[in-house]
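Breakdown of the fold
The lines below spell out each chain.
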Amino acid sequence: MKILIAEDDAVSRAIVKRAVERLGHECLAAKDGREAWNVYQSNPDIEVIISDWMMPRMDGLALCNRVRGLEREGYTFFVFLTSLGSREHLLEGMKAGADEYLTKPLDTDQLGVKLIAASRVTSLYRHMQVEDVALRGGSGSRPPGAAMPVTRDGGRGRPKGKVWDILVSRGKISEEQMQKALEAQRGNPAEIGKTLVSLGFISDADLARAQAERLNLEYVELTDSDVDPDAARLVPEKVLRRHMALPLRVEDGRLVVAMSDPTNLYALEDLRMISGRQIRPVVATEESLQRAQTRALSVGERVSEILEEAAQDTVHEEDAVELGAEAGADEAPVVRLVGSVLQRAVGEGASDIHIEPQGQDLKVRLRVDGVLREVMSIPRALQNGVIARLKILANLDIAERRIPQDGRFSVRLGGRKVDLRVASLPTVYGEEVVLRLLDTTNLQTDLASLGFSPAVLEIYEEVYRRPYGAILVTGPTGSGKSTTLYATLAELNSPERKIITVEDPVEYRMPGVNQVQVNPRAGLTFASGLRSILRSDPDVVMIGEIRDFETAKISVEAALTGHLVLATLHTNDAPSAINRLTDMGVEPFLTSSAVDCVIAQRLARKLCESCKLPIRIDKEALRQMGFPFDIGPEDLRFHEALGCDRCGGTGYRGRLGIYEMMVVTEEIKELALRRASTGEISRAAETNGMVRLRADGLLKAAQGLTTVEEVFRTIV
C-alpha cells in the first residue's frame, strides 16, 4: 500500500516512516497538514493516511475532514497518531471520520494490526469498484485472478460511515460507552468493534449487522433451510473452516457465501478459485457460522445414505452382528454414523446424547436446553457396532456387557475440541450409552451473562471478594451449579492467588487453577483430597460436591481458618442448606460462623428472539402466581414461545439462570444456632431482601427473557 504520514516532529516522522517501510509499504511524508493535503490530492493511489493531531497550518482534524469531503474513487483509511489520551479527544477524532488511532510512543505491533485492517478494507472497496465496472459494461479491466465480491444491490458498495457511527445512530451504544471502549482499546490491538463486544455493550449480532450495513452487504441469521447442500459441497470443508465461511446458494451465477469477515480478500480469492464462481459475501456472526458449519458439513454424507449403506452390509448378518460386538465396530459406515451423531449433537448445542436400545431399533435422543428430543432411529442390526464403536473411543471393555462402565474421550468437531464423558448401562435390550458433551470453548465465565440481576450480582461480588468464608451453590443435577462456580473462579483467578479444586469429574480445564480428580479406587475421595489440599497453602478451594459429614466438616473448618471455600450442595432452595449441613452432623455454631452466602439456582430456557410473541397477562392471574409487584418493573413484557427454523420449532434458544441468593446475616446466624426450621430461616432471609426462585423467574419472564410456562416447568 501507499501510505502518507503527516507529522510535524521530524524525529517522530522518521520513526513512523521507518516502521511503515519495514512492514513492506511505500511511504510518503509531509511535515504539516497543508503539505499532506497537497500530497494527497496529487497522489490518487494513496490508500492510508497516518496523521498527527496537532500540526501547524492545518491540524489533523481539519485534514481528516477534508479527506472525507473529497469525492474520490476507492477508500482512504485514516489513522490518527496522538499522544493525547482523553476520551473526548479520541471520540472527536472518530466523529471526524477517522478509522483507527495510534498512541505515542509508537507500538509497532499495533501499527501492523492497524495496517492489516486498512489493507482489507481498502482492497475490498477497490475490488467492488472493479466489479461495478464489469457489471455496467465499463472498460475497466480486472486484475488477473482477483476476487470480485458484489453487494446486495449488485453494484459497488460505498462506505456508509463507520461501524460506531451506525451503532450510535441505531441506539445500540451511547457516546459514553463509545468513550469507554476507546479508553479500553488503548494498548490493545483489538478492533474497536470487538472491544465493544468484550465490554458487553453490544452483541456479536449487533456488530455483524453494523459491519454489513457499512459495507452495503446483506446480514443473515443462518438456519438449516438457508444452506443448499450442493452449494456447500463446492468448497472443501477445511477451507471453509479456515476462513469461517459457508456457501449458501448459487444466485445469478454467483456463489452466495456467509462470512464473519467479508473484508478478508485472501478468503474471497480462495473461495472464487476453488468454486470457479464469482463470490457475493453476506455477513453472519462467527457463532452462527460455527453452528451452521457443524450441521451442514457433517461427514460429507447424509445419515440416511450411511444407514442405507450399512444396512446393505449387515442386513443378512444380524445374528452374526449380535454375537460379537467387534463384528460391526470397524465397519466404515458405522464409524461415519457415529461421527454424524456427534457432529449433529454439537451443531444443535446438545448437552447430552442418549443412545438407547429398544425392541426393534436403536433410538438416539439429544438433550438440548435441558429437554430431550428424538432425532434418529438406527436399525437394530447396527446396534452392537454403534455401541462397540463408542466403547472403543472411550477406552471401555467392549467384551463386558453385564456391568455399567464409564470413561471419556476428546474429539475435534467443528474446529473446536469437545470432551465427552461416556457411561454405559446394561438394559434388557442391550447396553445403553449416554454421552455428556463438555465444550470448553462455550464455557460461560462471565457472571453477568449467566442471568444474575445487577443488584444480586453486586451483593455476590462483595461476598466472593472476601478473603475467607464459605459460599454454597445448591440445586438439582444439571442446574448449572458448576458453571456458576467456574465463573466465580474465573473472576478470582490471578497470579496472586493459589486456587485448588477437587472435582468428580473435572469437567473443564482452567488455566492457572490446580484441579484434582477424585479417584475412589485409589483412595482419593473428596474428604482425603480436601485434607491434602489444605496442606498445600491454597487461598481458594473449590469442592465439587459436599456429600458426607467428613467433607462438610473439613470444608467448614477450612472456611474458618482463612480460606475461601466454594462448594455445591443438593438442596431445593437456599435456606435449606443451613439445616442440610446440620443434618450431616456439622455443629450449628460452625455453620453459622463459616457460611457467608447460599445460592440456589435453576436453568430455564431462553425465548428465541426471532419468533417470540408479546402477550398480556391479567394482573389478577399474576398475583395468584406470586408475581413480585413490589420489585418488578412497571413495563411488563411477557411473551410466548412460537417456534421457527432458527430454534428448531421449540420457541427457545439457549438457557439462563434463575437465582435465589441468601446472605447469612446476624439474624440468620442466631436462627442456625438454635436449630430453627427452614421456614423460619426463609422468612428471615426474605425480610432481609432475598428474592425467591419463583419470583426471580417471573421477573425474567416479565423482561421477555423466558415464559411463565418455562418458569413453572423449572421451579415447583
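Refer to the structure printed above.
Presented here is an overview of the structure given in this document. Residue positions are given per chain, counting from 1 as you read along its sequence in written order. Only residues with pLDDT of at least 70 get local features here, since the model is predicted, and only at 80 or more are side-chain atom pairs given and counted; chain-wide, interface and lining totals rely on the full set of residues. Values shown for side chains rest on all heavy atoms present in the structure; no hydrogens or waters enter the calculation.

**Focus on the environment of Asp228**
Mapped onto the elements of the fold, Asp228 is located in the loop between helix H9 (204–214) and helix H10 (229–232). Any residue under 20% of the maximum accessible area for its type is buried, any over 50% is exposed, and the rest in between are partly exposed; the area is computed with a 1.4 Å probe on protein chains only. With a relative accessible area of 31%, Asp228 lands in the partly exposed category. Considered as a pair, Asp228 and Arg249 are 21 residues apart in the sequence and their alpha carbons are 5.4 Å apart. Any pair of nitrogen or oxygen atoms within 3.5 Å is treated as a polar contact; in protein, a donor-acceptor pairing is required on top of that, and neighbouring residues in sequence qualify only through side-chain atoms on both sides. A polar side-chain atom of Asp228 sits 3.0 Å from the main-chain amide nitrogen of Asp230. Numbering goes from the N terminus for both helices and strands, where a helix is a DSSP run of H or I of at least four residues and a strand is a run of E of at least two.

**Here we look at the nonpolar core**
Counting 56 residues, the largest nonpolar core has Leu472, Ile543, Leu581 and Met662 as the members making the most contacts within it. Side-chain atoms within 4.5 Å are what join buried Ala, Val, Leu, Ile, Met, Phe, Trp, Tyr and Cys residues into a set we call a nonpolar core. Counting residues in each nonpolar core, the second largest holds 33 residues, with Ala36, Ala98, Leu196 and Ala210 among its members.

**Observations concerning the sheet that holds strand E7 (residues 254–259)**
Two strands pair under a simple rule: DSSP has to find at least two bridges between them. In spatial order, the strands read E6-E7-E8; together these 3 strands make up an open sheet with mixed pairing. One side of each edge strand has no neighbouring strand; the edge strands of this open sheet are strand E6 (245–251) and strand E8 (279–283). The mean inter-strand angle of the sheet, taken between neighbouring strand axes irrespective of direction, is 30 degrees. Here 6 bridges tie E6 to E7, and the two strands are oriented antiparallel to one another. Residue pairing for E7: Ala245 is matched across the bridge by Met259. Contacts from helix H13 (residues 286–296) reach E6 and E7, with the element oriented near 70 degrees to E6. An axis is simply a line fitted to the C-alpha atoms; with a helix, the fit covers only the stretch in contact. Between two such axes, the angle follows the N-to-C directions and lies from 0 to 180 degrees. The contact criterion used is simple: two residues touch if any of their non-hydrogen atoms lie within 4.5 Å.

**As for the pairing of strand E16 (residues 499–503)**
Among the 5 residues in E16, 5 count as buried, and that is most of the element. With burial as the criterion, each face of E16 is covered, one bearing Ile499, Thr501 and Glu503 and the other bearing Ile500 and Val502. Pairing geometry for E16 and strand E18 (residues 540–543), over 4 bridges, is parallel. Along E18, the bridge assignment pairs Val502 with Ile543. Across 4 bridges, the pairing between E16 and strand E17 (residues 514–517) is parallel. Following the sheet pairing, Glu503 is matched in E17 by Gln517.

**Description of the pattern of salt bridges**
Salt bridge, as applied in this entry: a Lys or Arg side-chain nitrogen positioned within 4 Å of an Asp or Glu carboxyl oxygen. One pass over the structure, following the stated rule, counts 42 salt bridges. For Asp206, the salt bridge identified is with Arg209, shortest N-O distance 3.9 Å. Residue Asp206 and its partner Arg209 are located together in helix H9, separated by 3 residues, close to a single helical turn. Residue classification places Asp206 among the buried positions, given a relative accessible area of 14%. Judged by its relative accessible area of 36%, Arg209 falls in the partly exposed class. A salt bridge links Glu348 to Arg373; the shortest N-O distance between them is 3.1 Å. Residue Glu348 is located in the loop between helix H17 (332–347) and strand E9 (350–357), and its partner Arg373 is located in strand E11 (residues 371–379); the two are separated by 25 residues in the primary sequence. Accessibility expressed as a relative area gives 14% for Glu348, which makes it buried. Salt bridges linked by common partners bring Lys172, Asp206, Arg209 and Glu221 together as one network.

**Re the pairing of strand E19 (residues 564–569)**
Most of E19 sits inside the fold, with 6 of its 6 residues counted as buried. Covered by surrounding structure in E19 are Leu564, Leu566 and Thr568 together with Val565, Ala567 and Leu569, the residues of both alternating faces. Here 6 bridges tie strand E15 (residues 469–474) to E19, and the two strands are oriented parallel to one another. Residue pairing in the sheet places Ala470 in a bridge with Val565 of E19. Where E18 lies against E19, 4 bridges are found, and the strand directions are parallel. Among the inter-strand pairings, Val540 is bridged to a residue of E19, identified as Leu564. Looking down the strands as they point away from the viewer, one classifies a crossover as right-handed if the path from the first strand across the helix to the second runs clockwise. Read from E18 through helix H23 (residues 549–560) to E19, the crossover connection turns out right-handed.

**Brief notes about the packing of helix H2 (residues 33–42) against helix H3 (residues 60–69)**
Look at H2 against H3: their axes get within 9 Å of each other, and the N-to-C directions meet at 20 degrees. When the interaxial angle is binned, H2 and H3 end up roughly parallel. The handedness of the crossing between H2 and H3 comes out as right-handed. Taking contact as the criterion, the partners of Gly33, Ala36, Trp37 and Tyr40 in H2 are, on H3, Leu63, Arg66 and Val67. For the contact of H2 with H3, the per-class residue count stands at 5 nonpolar, 1 polar and 1 charged. Roughly parallel covers angles under 35 degrees, roughly antiparallel covers those over 145, roughly perpendicular covers 65 to 115, and oblique covers all other angles. Crossings are assigned a handedness: left-handed for a near helix turned anticlockwise from the far helix by less than a right angle, right-handed for a clockwise turn. Any residue outside Ala, Val, Leu, Ile, Met, Phe, Trp, Tyr, Cys, Pro, Asp, Glu, Lys and Arg is labelled polar, Gly included; the first ten of those are nonpolar and the last four are charged.

**Thoughts on the packing of aromatic side chains**
Each Phe, Tyr or Trp ring, with Trp reduced to its six-membered ring, pairs with another whose centre is within 6.5 Å; inter-plane angles below 30 degrees give stacked pairs, above 60 give edge-to-face pairs, and intermediate values give tilted ones. For the structure on display, the rule yields 9 aromatic pairs. Here Tyr460 and Tyr464 contribute two aromatic rings whose centre-to-centre distance is 5.0 Å and whose plane-to-plane angle is 70 degrees, an arrangement assigned as edge-to-face. With a gap of 4 residues between them, Tyr460 and Tyr464 both fall in helix H20 (residues 454–464), about one helical turn apart. For the pair Phe627 and Phe629, a centre-to-centre distance of 5.0 Å together with 65 degrees between the ring planes defines the contact as edge-to-face. Judged by relative accessible area, Phe627 falls into the buried class, the value being 6%. We classify Phe629 as partly exposed; its relative accessible area is 31%. The structure contains a cluster of three or more aromatic residues connected by ring pairs, namely Phe452, Tyr460, Tyr464 and Tyr659.

**Focus: the sheet that holds E17**
Strand order in the open sheet formed by 7 strands is E17-E16-E18-E19-E15-E20-E23, with mixed pairing between adjacent strands. Sheet topology places E17 and strand E23 (652–663) at the edges, where each strand pairs with a single neighbour. Strand after strand, the sheet turns through a mean of 20 degrees between neighbouring axes, direction not considered.

**Some thoughts on the side chain of His563**
Following the sequence through the fold, His563 ends up in the loop between H23 and E19. Among the polar contacts listed, one links the side chain of His563 to the backbone oxygen of Ala558, at a separation of 3.1 Å. Not counting chain neighbours up to four residues away, the residues in contact with His563 comprise Pro467, Tyr468, Gly469, Leu534, Pro538, Asp539 and Ala558.

**Concerning the packing of helix H22 (residues 526–534) against H23**
Across the interface, H22 lies against H23 with an axial gap of 8 Å and an inter-helix angle of 20 degrees. Taken together, the axis directions place H22 and H23 in an arrangement best described as roughly parallel. The two elements H22 and H23 meet at a crossing, and its hand is left-handed. Two secondary-structure elements touch here, H22 through Phe526, Ala527, Leu530, Arg531 and Leu534 and H23 through Glu550, Thr551, Ile554, Ser555 and Ala558. For the contact of H22 with H23, the per-class residue count stands at 6 nonpolar, 2 polar and 2 charged.

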